[in-house]
Each structure stands twice: as structure tokens, then as C-alpha cells.
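Single-letter residue listing:
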Amino acid sequence: MYLQRRNRILRKTAAIRAMVAETLLTPQDFIVPLFIDEGKGQQHEISSMPGYFRRSIDGTVKEVKELWGLGIRSVLLFIKCRDELKDNTGKEAWNPNGLMQTSIRAIKDAVPEIVVMTDVALDPYSSYGHDGIVENGEIVNDPTVAALVRMSLSHADAGADFVAPSDMMDGRIGAIRQGLEENGFTQTGIMAYSAKYASCFYGPFRDALDSAPGFGDKKTYQMDYANRLEAVKEAQMDVEEGADIVMVKPALPYLDIIREVKNAVEVPVSAYNISGEYAMIKAAARMGWINEEKAILETLTSIKRAGADLIATYFAKDAAKLLNI
Ligand code: PBG
């Protein structure tokens, strides 16, 4: 048999495959979501996220040092707010001595070089479990944006490198950028959750922070998963309004959207490999149905191949260890 081209030549040995691999995963690609709780010496495994923990600040700081040592360069902070502090204004979100603000300072003190990103949305602080202020059963846009600006400013003041609005209100990126500028925070970045879909895969995360919506769902602000062009519009508008990084979330059921956004904007694109995606791999591995380590690396590589420059993932530490071998 005569063949002009034999594609298997480039697959012949591990060395050749490594030479021609188009996508290379590194620990620097990862953003590590961290769940933070009050108290001291607290460590709580999230039931629907086996192997993942919510920790008090002391344990979180220890974890961050370890992550830095593994080559990871960035963390994304989420806090669990005590029920008594929740209300419909979200005002605990900009308490200068709140759990988030204290955590930012503690992490920056311990590992000054690590890039600290913070979740900006009202849901952990909302008595309704919604990402915005509720009036007559409706999540009202503009008053929520004003609250998100206050929240962002207080994170910037505590030392956050990037604020990461995950709420999907209209106009919040422009308003936050203006707020940062007017208050002298000219070095603070914005990672916008630009295309955040109303997804069933957020379930385990809501267990982690006890932040499930008290009524209804999030479909009047998070995107309809049937839509593709809308994601491009959202990302482009966020860039115009001043986003430094745009995000697509979730990641795995939305690889097409990651590529679409990557082709449409000229800022780095991140993707959030979310809690439900983590839980699915963990569950299948526990059943002995898939090889966990291989599933982690294949999944994360696919997200990067789709176009993500950065990946927020609960597998970051495991993956960094696998990649560092
Ligand atoms: C809320 C927020 C959610 C996640 C990050 N920020 C959940 C939601 O929108 O209900 C989900 C992350 C995950 O599932 O891993 N602002």
C-alpha cells in the first residue's frame, strides 16, 4: 500500500507525541476556588464535593502556601456568611472587617505574590439566596449594581488583585470600573463572569456556601443554555465596559461557547470547571467507572484546547501535582 501521508508517524512514540502536542497544561493556568468559613481550625468537607473543604482563615492560609509551592498563581475566594448577617441589602458584603475582607488581608500577608481574586455577588449575603436585591419577587438590576460597586471597592481596599463579578446584572462591569477609577484603585483588575449560564451543575457549590435561592431560579439574570450568540454579546460588552478577563461558566457543557468567545475578544478568556463537573468525575471514580487522574487531565486539557487561557477548577491542586511529576 502506498500512502503519501501517514498521520500515525506523529503518534509513534511518547517523545514525538509530546513534541507535537498542541495544548500544554501548566499549574499557572489554574485559578483555585477557596471556600472560607469563620472560626479557627475549622475544616468541613462539602458532602457533594468529596475531597473538597471549606476552611477557616488559618487553614486557608496554609492551603494557599501549599498551592503557591505547587506553582499555582491564583486563588478565587468565596465566603460562607452566617445566617444572622444575611439580609436583602447584602450590606455585610462591604463590611471592612467582614470575613472576605479579613481573608484577603490574611492571604496577601502570608503569600503577597499570589493573585487574589474575589467573588462579587450578593447570594452568600442575601436572605433570599439571590445574586441581587429583591423587590416584589423581582431581582432588581440597578440597586444591585450599586451594591456590587460598594462590594468591589471594599475588596479592592482589602488588597484584592481582581474582583470577579459573578452576578450577571446589566452594566455592572462599567459601574465597577468607574467606581475603581474614581476611588484610586487603578491597579485592580476585573474578571467578568460574562457568559454565566443558568445551570443545574451549580448544585454542590450551593451546598458549600448554603446559598441556594430561597424562591424561584436564576433564569432572569443567568443565561439560557440554548444560546450561543448571546454569550458573544455579553463578553464583548464586558470588554467594552472595562473587563480585563472574561469568563465562560460552566466549562464542560459549554466548550463551544469558550471557543466562540475566545475568537471574539482580545482579552484572556477563563472558564470555570464548576462544582457539578467536579462531583461527576468524583462520583464516577468512586464507583470505579473511570480513572480519576486521567479524567482530570483530559477534562482540563479539553477546556484549555477549547480556548480557555485560565481555568478555575477544584481539581487544580491534584492536577498541579500530576503535572509536576
Ligand atoms: C454565585 C456563584 C455560583 C457559583 C459561583 N458563584 C453559583 C450560582 O450562581 O448559583 C458556582 C460555582 C460552582 O458551581 O462551582 N454568584
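Please refer to the structure higher up on the page.
Keep in mind that what you see is a predicted model, and the values were worked out from it rather than measured. (Residues numbered from 1 in each chain as written. Predicted model: local features only at pLDDT ≥ 70, side-chain atom pairs only at ≥ 80, totals over all residues. Heavy atoms only, no water.)

## Considerations on the pairing of strand β5 (residues 115-120)
Point 1. With 5 of 6 residues buried, β5 lies mostly within the body of the structure.
Point 2. The sheet contact formed by strand β4 (residues 74-79) and β5 spans 4 bridges and is parallel. Paired with S74 across the strands is V115, a residue of β5.
Point 3. On the question of chirality, the crossover connecting β4 to the parallel β5 by way of helix α3 (residues 99-110) is right-handed.
Point 4. Bridge count for β5 against strand β8 (residues 162-165) is 4 bridges, and the pairing is parallel. (Buried < 20%, exposed > 50% of the residue type's maximum accessible area, 1.4 Å probe, protein only. Helix = DSSP H or I, 4+ residues; strand = E, 2+ residues; numbered from the N terminus. Pairing = 2+ DSSP bridges. Right-handed = clockwise from strand over helix to strand, strands pointing away.)

## Brief notes about the nonpolar core
Considering soluble globular proteins, one finds that nonpolar side chains tend to be buried as a cluster.
Point 1. By size, the foremost hydrophobic cluster in this structure holds 103 residues, and its most contacted members are F35, V75, L77, I258, V261, Y272 and L300.
Point 2. No other element matches helix α4 (residues 141-158), which puts 8 residues into this core.
Point 3. Among all residues touching V75, those that are not within four sequence positions of it are I31, V32, L34, V64, L67, I114, V115, V116 and M117. (Core = buried A, V, L, I, M, F, W, Y, C linked by side-chain atoms within 4.5 Å. Contact = heavy atoms within 4.5 Å.)

## Points about the environment of D58
Point 1. Mapping D58 onto the fold places it in helix α2 (residues 57-69).
Point 2. Here the alpha-carbon distance between D58 and I107, two residues 49 residues apart in the chain, equals 9.4 Å.

## A short note on the site of the ligand
Point 1. Neighbouring residues of the ligand: 17 residues in total, closest R206, K218, K249, S275 and Y314.
Point 2. Between R206 and the ligand, the recorded distance is 2.6 Å, taken from a side-chain N or O atom to an oxygen atom.
Point 3. Within the complex, the protein chains bury 100% of what would otherwise be the 400 Å² of accessible surface of the ligand.
Point 4. By residue class, the composition of the shell around the ligand is 7 nonpolar, 3 polar and 7 charged. (Near = heavy atom within 4 Å. Polar contact = N/O pair within 3.5 Å; in protein donor to acceptor, adjacent residues only side chain to side chain. Areas by Shrake-Rupley, 256 points an atom, 1.4 Å probe, with all protein chains shown as cover. Nonpolar A, V, L, I, M, F, W, Y, C, P; charged D, E, K, R; others polar.)

## What about the packing of α2 against α3?
Point 1. Orientation of α2 relative to α3, taken along the N-to-C sense of each, is 40°, at an axis distance of 10 Å. In this view, α2 runs oblique relative to α3, as classed from their interaxial angle. In the crossing of α2 with α3, the sense of the turn from one axis to the other is right-handed. Residues I57, T60, V61, V64 and K65 of α2 pack against L99, T102, S103, A106, I107 and A110 of α3.
Point 2. When the residues that make up the contact of α2 with α3 are grouped by side-chain class, the tally is 7 nonpolar, 3 polar and 1 charged. (Axes fitted to C-alpha atoms, helices over the stretch in contact; angles between N-to-C directions. Parallel < 35°, antiparallel > 145°, perpendicular 65-115°, else oblique. Left-handed = near helix turned anticlockwise from the far one by under 90°.)

## Looking at the packing of aromatic side chains
Point 1. Considering all chains together, one arrives at 13 aromatic pairs under this definition.
Point 2. Aromatic side chains Y197 and Y254 sit 4.3 Å apart centroid to centroid with 25° between the ring planes, which places their arrangement in the stacked category. Of this pair, Y197 sits in the loop between β9 (189-196) and α6 (203-209) while Y254 sits in the loop between β10 (245-249) and α8 (255-264), and the two are 57 residues apart along the sequence. The burial state of Y197 is the same as that of Y254; both residues are buried.
Point 3. Across from the ring centre of Y202, 5.3 Å away, lies the NZ or CZ of K196, which sits over that ring.
Point 4. Cation over ring: K249 sits above F205, and NZ or CZ is 5.9 Å from the ring centre. (Phe/Tyr/Trp six-rings, centres within 6.5 Å; stacked < 30°, edge-to-face > 60°. Lys NZ or Arg CZ within 6 Å of the ring centre and 35° of its normal.)

## Brief notes about unusual backbone geometry
Point 1. Look at the link from K249 to P250: it is a cis peptide, with omega at -10°.
Point 2. Residue position: P250 is located in the loop between β10 and α8.
Point 3. Positive phi, normally seen in glycine, also occurs at N136, with a value near 50°.
Point 4. Assignment of secondary structure puts N136 in the loop between β6 (133-135) and β7 (138-140).
Point 5. Phi is positive for M168, close to 65°, though the residue is something other than glycine.
Point 6. Within the fold, M168 resides in the loop between β8 and α5 (172-182).
Point 7. What makes M168 buried here is its relative accessible area of 6%.

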